[in-house]
Amino acid sequence: GAGVSQSPRYKVAKRGQDVALRCDPISGHVSLFWYQQALGQGPEFLTYFQNEAQLDKSGLPSDRFFAERPEGSVSTLKIQRTQQEDSAVYLCASSIRPPRVGGLTYEQYFGPGTRLTVT
Amino acid sequence: KNEVEQSPQNLTAQEGEFITINCSYSVGISALHWLQQHPGGGIVSLFMLSSRKKKHGRLIATINIQEKHSSLHITASHPRDSAVYICAVPRIGTDKLIFGTGTRLQVFP
């Protein structure tokens with residue numbers, strides 16, 4: 001079956017340009033996550049959706065970053081007025097449902113990532 | 001101090017060697033993930049474990065909840081095992097993962 005897909009795989013943007021990164025999660029997965037991975041670092045959490053609701057956006061680095069998931073499936077991460085420090089791999093992951101009461105968590109399935117380079 | 005720390009940062013091995021990668025964490029968790037990342041960025045989940053030990057083929061993952069430590073072992077390593085291996089834990093009650101910085105493994109023929 002299809003996994004998580006992301007597009008584009010690579011994006012080069014000039015400083016100041018707006019970009020939109022797309023994530024198609026596994027069909028039926030309730031939870032969707034965006035992570036940012038700078039070169040040589042581990043990924044860092046950006047934002048989390050449960051269906052169409054954005055429940056946590058504490059990791060978004062500035063108000064230039066905006067994410068949406070209007071119908072509870074496909075999600076878009078938008079970065080306005082890109083800066084060089086935005087250069088990173090942006091990873092999307094989905095899981096079948098949110099954690100259970102008591103904290104039992106579910107496996108996350110990752111997409112291939114979008115490598116954004118801001119020049 | 002990072003909440004999730006891995007060692008070593010870099011590891012080279014000859015084909016056939018037994019590999020161990022370590023992960024220590026300081027937060028309360030419900031499970032721990034071991035992930036593999038190949039050049040190009042894509043991440044594959046290897047294990048999600050919450051108690052003692054799991055095995056898939058040549059990969060073995062162990063966890064000691066009391067000591068807040070996990071290890072990933074690769075037996076009979078092969079050049080195709082060359083990748084970055086990342087340990088990640090969810091904050092308890094959430095799925096929000098906290099990642100280690102990864103261990104870069106290179107296996108030479």
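Everything here concerns the structure above.
These remarks concern the structure in this document. Only a predicted model underlies this, so the values are computations on that prediction, with no experimental measurement involved.

**Quick word on the sheet that holds strand β7 (residues 65-68) of chain A**
Residues and elements named next belong to chain A. Reading across from one edge, β1-β3-β8-β7 is the order of the four strands in this open sheet, with antiparallel pairing throughout. Because the sheet does not close on itself, it has two edges, and the strands there are β1 (5-7) and β7. Taking each pair of neighbouring strands and ignoring which way they run, the sheet shows an average axis angle of 15 degrees. As paired strands, β7 and strand β8 (residues 75-79) are joined by four bridges and run antiparallel to one another. Of the residues in β8, the one forming a bridge with Phe-65 is Ile-79.

**Some remarks on the state of the cysteines**
Taken as a whole, this structure holds two disulfides over all chains when the rule is applied. Disulfide pairing places Cys23(A) opposite Cys92(A) at an S-S distance of 1.8 Å. On the S-S bond that ties Cys23(A) to Cys92(A), the torsion sits near -65 degrees, and the link is left-handed. Of the two residues, Cys23(A) is situated in strand β3 (residues 19-24) and Cys92(A) in strand β9 (residues 88-95); the sequence distance between them amounts to 69 residues. What makes Cys23(A) buried here is its relative accessible area of 0%. The disulfide bridge from Cys23(B) ends at Cys87(B), spanning 1.9 Å between sulfur atoms. Taking the torsion about the S-S bond as the criterion, the Cys23(B) to Cys87(B) disulfide, at about -60 degrees, is left-handed. In this pair, Cys23(B) is assigned in strand β3 (residues 19-25) and Cys87(B) in strand β9 (residues 83-90), connecting sequence segments 64 residues apart.

**Some details on the sheet that holds strand β7 (residues 59-64) of chain B**
The strands making up a sheet are joined through hydrogen bonds of the backbone, oriented either antiparallel or parallel. All names here are of chain B. Spatially, β1-β3-β8-β7-β6 is the arrangement adopted by the five strands of the open sheet, whose pairing is antiparallel. Two strands lie at the open edges of the sheet, namely β1 (4-7) and β6 (52-56), each paired on one side alone. Averaged over all adjacent pairs, the angle separating strand axes in this sheet is 15 degrees, with direction ignored.

**Here's the deal with the pairing of strand β4 (residues 32-37) of chain B**
Residue and element names in this part refer to chain B. Of all the six residues making up β4, six are buried; the element is thus mostly covered by neighbouring parts of the structure. The alternating pattern of β4 places Leu-32, Trp-34 and Gln-36 on one face and His-33, Leu-35 and Gln-37 on the opposite face, and all of these are buried. The pairing of β4 with strand β5 (residues 43-49) spans six bridges and is antiparallel. Each residue of the ladder has a partner; that of Gln-37, found in β5, is Ile-43. Pairing of β4 with β9 involves five bridges; the strand directions are antiparallel.

**Quick notes on the nonpolar core**
Leu32(B), Trp34(B), Phe47(B), Leu72(B), Tyr85(B) and Val89(B) are the most contacted members of the largest nonpolar core, which totals 26 residues. Elements that contribute at least two residues to this core include exactly β2 (10-14), β3, β4, β5, β7, β8 (69-74), β9 and β11 (103-108) of chain B. Counting residues in hydrophobic clusters, the runner-up holds 20 residues, among them Ala13(A), Leu21(A), Ile26(A) and Cys92(A).

**Some remarks on the interface of chain B and chain A**
Of the residues lining the interface, 21 residues belong to chain B; the matching set on chain A comes to 27 residues. Approximately 1800 Å² of surface area, both sides summed, lies buried where chain B meets chain A, with 55% of it carried by carbon and sulfur atoms. Where chain B packs against chain A, one counts one salt bridge. For the salt bridge of Lys96(B) with Asp56(A), the shortest nitrogen-to-oxygen distance reads 3.0 Å. Elements supplying a minimum of two residues to the side of chain B that touches chain A: β4, β5, β9 and β10 (97-99) of chain B. Class assignment for the residues of the side of chain B that touches chain A results in eight nonpolar, eleven polar and two charged.

**Some details on the side chain of Arg69(A)**
All names here are of chain A. Relative to the assigned elements, Arg-69 resides in the loop between β7 and β8. Among buried charged residues, Arg-69 stands out as having no salt bridge; its nearest opposite-charge side chain is Glu-52, 7.2 Å away. In terms of polar contacts, Arg-69 uses its side chain to reach the backbone carbonyl oxygen of Asn-51, at 3.1 Å. Engagement of the side chain of Arg-69 in a polar contact is seen with the backbone oxygen of Ser-73, the distance being 2.8 Å. Once you skip the residues sitting within four places of it in the chain, Arg-69 turns out to touch Pro-25, His-29, Val-30, Ser-31, Leu-32, Phe-49, Gln-50, Asn-51, Glu-52, Val-74 and Ser-75.

Rules and cut-offs
Residues numbered from 1 in each chain as written. Chains lettered and ligands numbered in written order. Predicted model: local features only at pLDDT ≥ 70, side-chain atom pairs only at ≥ 80, totals over all residues. Heavy atoms only, no water. Pairing = 2+ DSSP bridges. Helix = DSSP H or I, 4+ residues; strand = E, 2+ residues; numbered from the N terminus. Axes fitted to C-alpha atoms, helices over the stretch in contact; angles between N-to-C directions. Disulfide = S-S within 2.5 Å. Buried < 20%, exposed > 50% of the residue type's maximum accessible area, 1.4 Å probe, protein only. Core = buried A, V, L, I, M, F, W, Y, C linked by side-chain atoms within 4.5 Å. Contact = heavy atoms within 4.5 Å. Buried area = accessible area lost by both parts, 1.4 Å probe. Salt bridge = Lys/Arg side-chain N within 4 Å of Asp/Glu carboxyl O. Nonpolar A, V, L, I, M, F, W, Y, C, P; charged D, E, K, R; others polar. Lys, Arg positive; Asp, Glu negative; His and termini not counted. Polar contact = N/O pair within 3.5 Å; in protein donor to acceptor, adjacent residues only side chain to side chain.

On their own, these measurements won't tell you what the molecule is for.
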